[in-house]
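A structural walkthrough
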Amino acid sequence: MERLDDPGYIAKLDKSKMRMLIGNLPDQFSMASKSFQEAKLNLKARFSSVVVAGMGGSAIGGDLVSAYFSSTFPAPVWVVRDYEVPSFVTRNTLLIAVSYSGNTEETLSAFEDGKGKRARIVCIASGGSLMEMAKSESIPFLTVPGGMPPRCAIGFLSTSILLSIGLAFDVSGLTTELEEVGDVLKKMKNVLEPDNPVKKNPAKKIAGKLAHKLPFVYSSSRMTDPVARRWSTQINENAKSLCHYSSLPELDHNEIVGWGIPREVSYASHILFLDPGNLSEKLRRRLAVTKEIISQMAEVESLTASGTGNLARLFSLVFLGDYVSFYLAMLNGVDPTPIERIDLLKKKLKEGH
Ligand code: PA5
């Protein structure tokens, strides 16, 4: 654990400065809001559904926005990680094609499929084929700054998706919510940064508990489901470690029974329950009882969101998870930035293997 307080150790391992990219997240929301206003998109139409098409680090923003809208929004917001869009897509669908690189084959294919189904499309990318096609076909597009791993652009991508849907459906109050996200994350950053020592830094402490364990991230409600997924994928990609995620209330109807066998896995697991801090009474009770039962077989703890609005609550947990995955990478002795297997796989597919 002392290694986490050693700037020399961190700088040597974190060759591409992932710590700075994670620390830049609080500024992304206002920057993306400004770019969105400047883009002056015209999305006036009567939409009955929204589909966000993307993969990996480009899709998760769609999940977060969908979760944010889930209890208030009049239309379904579907996230599609596939080559095709759902068959319900018509000219009344707003299709948001998101690819940070602009070159992801599933997203390009979903874009073409959506075009064939005559959806109204918005493209979000930092460049690549998606951007070129949008430009050449006069399809509305939003540019996000390039030069970072897609997973580090989560604030830019989420804000662009959120505001596009907000514009299409005339949703008010989003700018205020986004401002709160930036404010809450800026405060958290002071506590979570590498120069804050282990004894005062919750992200370092959590990483210490996860080291050499199998992390389980349990969402306590529909709203935090994508946050659990984000924790898991950040631990995969940054810390190069397996991680499992699941959700309440569903896990109470199956996965809870699995705890105990294999016994070695239960003992070697650490469970983090994500609590948005504004659970309904039913879910709050369920979370408490589930924790009590599983704690007989594995280490458990709850992490509660910060902020008042739902968007700030969601991103406060995302931000904490990003830092935890970074410190876990340091404890695992790996450089958080490279994702060699993903790069290799994309290369092989491109070569026609
Ligand atoms: O984290 C990553 O790099 C991946 O999950 C990518 O986001 C994913 O492969 C899709 O690429 P892109 O975001 O460029 O569309």
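See above for the structure.
The sections below set out a description of the structure shown in this document. Worth saying up front: this structure is predicted, and the values here are computed from it rather than measured.

The next point concerns the site of the ligand. Surrounding the ligand, one finds Met55, Gly56, Gly57, Ser58, Ser99, Tyr100, Ser101, Thr104, Pro150, Glu237, Ile339 and Lys346. A distance of 2.6 Å is found between an oxygen atom of the ligand and a side-chain nitrogen or oxygen belonging to Ser99. Here an oxygen atom of the ligand sits 2.5 Å away from a polar atom, N or O, in the side chain of Glu237. If you map the ligand onto the pockets, it falls in the largest pocket.

Counting across every chain of the model gives 15 salt bridges. Of the charged contacts, one joins Lys209 and Glu301 as a salt bridge, the two residues approaching to 3.3 Å between their closest N and O atoms. Here Glu301 lies in strand 9 (residues 299–304) and Lys209 lies in helix 9 (residues 202–210), a separation of 92 residues in the sequence. Look at Glu301 and you get buried, because its relative accessible area is 16%. A salt bridge links Arg284 to Glu281; the shortest N-O distance between them is 3.0 Å. Of this pair, Arg284 and Glu281 both sit in helix 13 (residues 281–294), separated by three residues, roughly a single helical turn. A network of salt bridges, in which partner residues are shared, links Glu112, Lys115 and Glu137.

For the rest of this paragraph, the subject is empty space enclosed by the protein. For the coordinates displayed, the defined rule picks out two cavities of 30 Å³ or more. The volume enclosed by the largest cavity comes to roughly 50 Å³. Contributing to the lining of the largest cavity are Leu21, Ile22, Leu25, Arg151, Cys152, Ile154, Arg230, Gln234 and Asp322. Of all the elements in the fold, those that place two or more residues in the lining of the largest cavity are helix 2 (18–23) and helix 10 (225–239). Of the residues in the lining of the largest cavity, the class split is five nonpolar, one polar and three charged.

What follows deals with the sheet that holds strand 6 (residues 214–219). Taken together, the four strands give an open sheet; going across it, the order is 7-6-8-9, and neighbouring strands pair in parallel fashion. Each end of this open sheet is capped by a strand with a single partner; those strands are strand 7 (244–247) and strand 9. Direction aside, the axes of adjacent strands within the sheet are offset by 25 degrees on average. As defined by bridge partners, strand 6 adjoins strand 8 (residues 269–275) across six bridges and the pair is classed as parallel. Across the sheet, Ser219 pairs through a bridge with Leu274, a residue of strand 8. The sheet contacts of helix 13 involve strand 6, strand 8 and strand 9, and relative to strand 8 the element is tilted by about 175 degrees.

With that settled, consider the sheet that holds strand 5 (residues 141–143). Pairing within the open sheet is parallel, and its five strands lie in the order 2-1-3-4-5. Edge strands, defined here as strands with exactly one partner in the open sheet, are strand 2 (77–80) and strand 5. Across the sheet, the mean angle separating the axes of adjacent strands is 15 degrees when strand polarity is ignored. By the bridge criterion, three bridges tie strand 4 (residues 120–125) to strand 5 in an arrangement that is parallel. The residue of strand 5 that forms the bridge with Cys123 is Phe141. Along the sheet, helix 4 (residues 60–69) contacts strand 1 (49–53) and strand 2; its crossing angle with strand 2, the most-contacted strand, is approximately 160 degrees.

With that settled, consider the environment of Lys40. Within the secondary structure layout, Lys40 lies in the loop between helix 3 (25–39) and strand 1. Sequence separation between Lys40 and Asp183 is 143 residues, and the spatial gap between their C-alpha atoms is 25 Å.

Now for helix 8 (residues 174–192). In this model helix 8 runs 26 Å from its N-terminal to its C-terminal C-alpha over 19 residues, within 8% of the 27 Å that 1.5 Å per residue would give. Listing the buried residues of helix 8 in full gives Leu174, Glu177, Leu178, Glu180, Val181, Gly182, Val184, Leu185, Met188 and Leu192.

Calculation rules
- Residues numbered from 1 in each chain as written.
- Predicted model: local features only at pLDDT ≥ 70, side-chain atom pairs only at ≥ 80, totals over all residues.
- Heavy atoms only, no water.
- Near = heavy atom within 4 Å.
- Polar contact = N/O pair within 3.5 Å; in protein donor to acceptor, adjacent residues only side chain to side chain.
- 1 Å grid on protein atoms, 1.4 Å probe; cavity = no way out; pocket = protein on both sides within 12 Å on 5 of 7 lines; lining within 4 Å.
- Sits in = over half its atoms within 2 Å of the grid points.
- Salt bridge = Lys/Arg side-chain N within 4 Å of Asp/Glu carboxyl O.
- Helix = DSSP H or I, 4+ residues; strand = E, 2+ residues; numbered from the N terminus.
- Buried < 20%, exposed > 50% of the residue type's maximum accessible area, 1.4 Å probe, protein only.
- Points joined across faces, edges and corners; volume = space filled by probe spheres on them.
- Nonpolar A, V, L, I, M, F, W, Y, C, P; charged D, E, K, R; others polar.
- Pairing = 2+ DSSP bridges.
- Axes fitted to C-alpha atoms, helices over the stretch in contact; angles between N-to-C directions.
- Contact = heavy atoms within 4.5 Å.
- Expected span 1.5 Å × (residues − 1).

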